[in-house]
Amino acid sequence: MSGQLSMLGGAPARASALDLYARATPGFEERLARTVALLRQAASEHGSGLIQASSLGAEDMVITDLISRHALPICVATLDTGRLHAQTLALLPRIRQSYGIEVQVYSPPEQAVITLVRERGLNSMYESLALRKECCGIRKLEPLKRMLDGRTAWITGLRREQSANRADVPFTEPDGPGRVKLNALAEWSWADVWHYIQSYAVPYNDLHDQFMPSIGCEPCTRAIAVGEDFRAGRWWWENDDAKECGLHKSHSPAQAGSAHGAEIGSGVSAQANFGKAEVKAATAAGRSQDENAKECGLHKAQSNEELNNHGAKA
Ligand code: SF4
């Protein structure tokens, strides 16, 4: 289903994510080549110790396409939290059909989820930051621990442009003893991601056409509105108090708060992409956003101790 734009001087009345974002910009082929080289080298160095942890978002679909297109022996895995949108889960058969890849799916322990829902209710994440983290710990971090057990490297779709917290994301970073995290698209812009998706007909989540650039679990994701930050639709109800949580790693504290409206690609900002759109689905106008809290912990250094602590809460 295409996104709805009420008006735009010269822009289409209806527009998909491809219409809105895909743009060829200088240096794209070089960035693409560096990403392919990084993936190829990682596959060579780590062998079966390497895994792509896919969120099934646009960036991760690009990486899966690259893995397939270049016949790289890299396993693809995802987390099924039990709260994903149907549109997200629908990508699994689409990946199978397009690439012949069977995505490994890691789910939270059934008993832990039953206990969580019985003791806290289905939507405890709205009640407090601690309860939201408890839910993320059970539904995301525990399965992630199992996904990464025995792995020496994992591939993510983190990009510097995504948020202030990610402004300094390197291509390669240590991630606990004996493991590295490879951010294969670290230097890509949002325009690059969609230019690639358009150029190579990569399947993508239909929700991207509904003003959801960043997609997580259904209760914790909403469409973004005019002028909102890229990840404003994630855990949108959390406020500045959440800054004291300490859970979420900030790659660049000095830059925190400076990336709202950060430039994308050739001078087109995330805000500008939406700036002329009237997004009917957007909610919670006026609530504060806290970039430090806009992480579920998946991209914090995943030492075994940290992962075990989260697992213990389950
Ligand atoms: S994103 Fe929301 S639903 Fe998903 S695990 Fe975290 S708190 Fe729970």
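Criteria and cut-off values
Residues numbered from 1 in each chain as written. Predicted model: local features only at pLDDT ≥ 70, side-chain atom pairs only at ≥ 80, totals over all residues. Near = placed C-beta within 6 Å. Nonpolar A, V, L, I, M, F, W, Y, C, P; charged D, E, K, R; others polar. Helix = DSSP H or I, 4+ residues; strand = E, 2+ residues; numbered from the N terminus. Pairing = 2+ DSSP bridges. Axes fitted to C-alpha atoms, helices over the stretch in contact; angles between N-to-C directions. Contact = placed C-beta atoms within 7 Å. Expected span 1.5 Å × (residues − 1). Buried ≥ 20, exposed ≤ 12 C-beta atoms within 10 Å, placed from the backbone. Arc of directions from axis to C-beta. UniProt positions renumbered as here; feature names shortened; annotations may be inferred.

Caption draft 1: The arrangement of the site of the ligand in detail. Taken together, 13 residues sit near the ligand, with C135, C136, R139, C217 and C220 positioned nearest. Across the shell around the ligand, the residue classes tally to seven nonpolar, two polar and four charged.

Caption draft 2: Spotlight on unusual backbone geometry. The residue L56 is not glycine, and still its phi comes out positive at about 70°. Within the secondary structure, L56 is located in the loop between β3 (50-54) and α3 (58-69). Of note in this structure, A201 is not a glycine but carries a positive phi near 50°. Structurally, the position occupied by A201 is in the loop between α8 (190-199) and β9 (263-264).

Caption draft 3: View of the sheet that holds strand β6 (residues 153-156). The strand order across the open sheet formed by six strands is β5-β4-β3-β6-β8-β7, and the pairing between neighbours is mixed. Edge positions in the sheet fall to β5 (104-106) and β7 (172-174), since each has one partner strand and no second. Strand-to-strand twist across the sheet, computed as the mean angle between neighbouring axes with direction ignored, equals 30°. Taken together, the three bridges between β3 and β6 define a ladder with parallel strand orientation. By the bridge assignment for β6, L50 is matched with A153. Contacts from helix α7 (residues 129-148) reach β3, β4 (75-79), β5 and β6, with the element oriented near 165° to β4.

Caption draft 4: Up close: helix α2 (residues 28-46). Between its terminal C-alpha atoms α2 stretches 27 Å, which fits the 27 Å expected from 19 residues at 1.5 Å a residue. Where α2 is concerned, the buried positions are T35, L39 and A42. The buried residues of α2 occupy an angular sector of 65° when projected down its axis, which confines them to one face. Facing away from the buried surface of α2 by more than 90 degrees, the exposed residues are E29, E30, A33, A37, Q41, S44 and E45. Trailing α2 by a residue or two, G47 shows a phi angle of about 55°, which is positive.

Caption draft 5: A look at the UniProt feature "binding site: [4Fe-4S] cluster" (unreviewed entry) in the protein chain. Residues annotated in UniProt with the feature "binding site: [4Fe-4S] cluster" (unreviewed entry) correspond here to C135, C136, C217 and C220. On the basis of their most widely separated C-alpha atoms, the annotated residues across 86 residues gather in one place, lying no more than 11.0 Å apart. As for its position among the elements, C135 is in helix α7. On the neighbour-count criterion, C135 (26 C-beta atoms within 10 Å) is buried. In contact with C135, other than residues within four places in its own chain, are L116, S124 and M125. Turning to its location among the elements, C217 is positioned in the loop between α8 and β9. In this structure C217 comes out as buried when scored by C-beta crowding, with 21 C-beta atoms within 10 Å.

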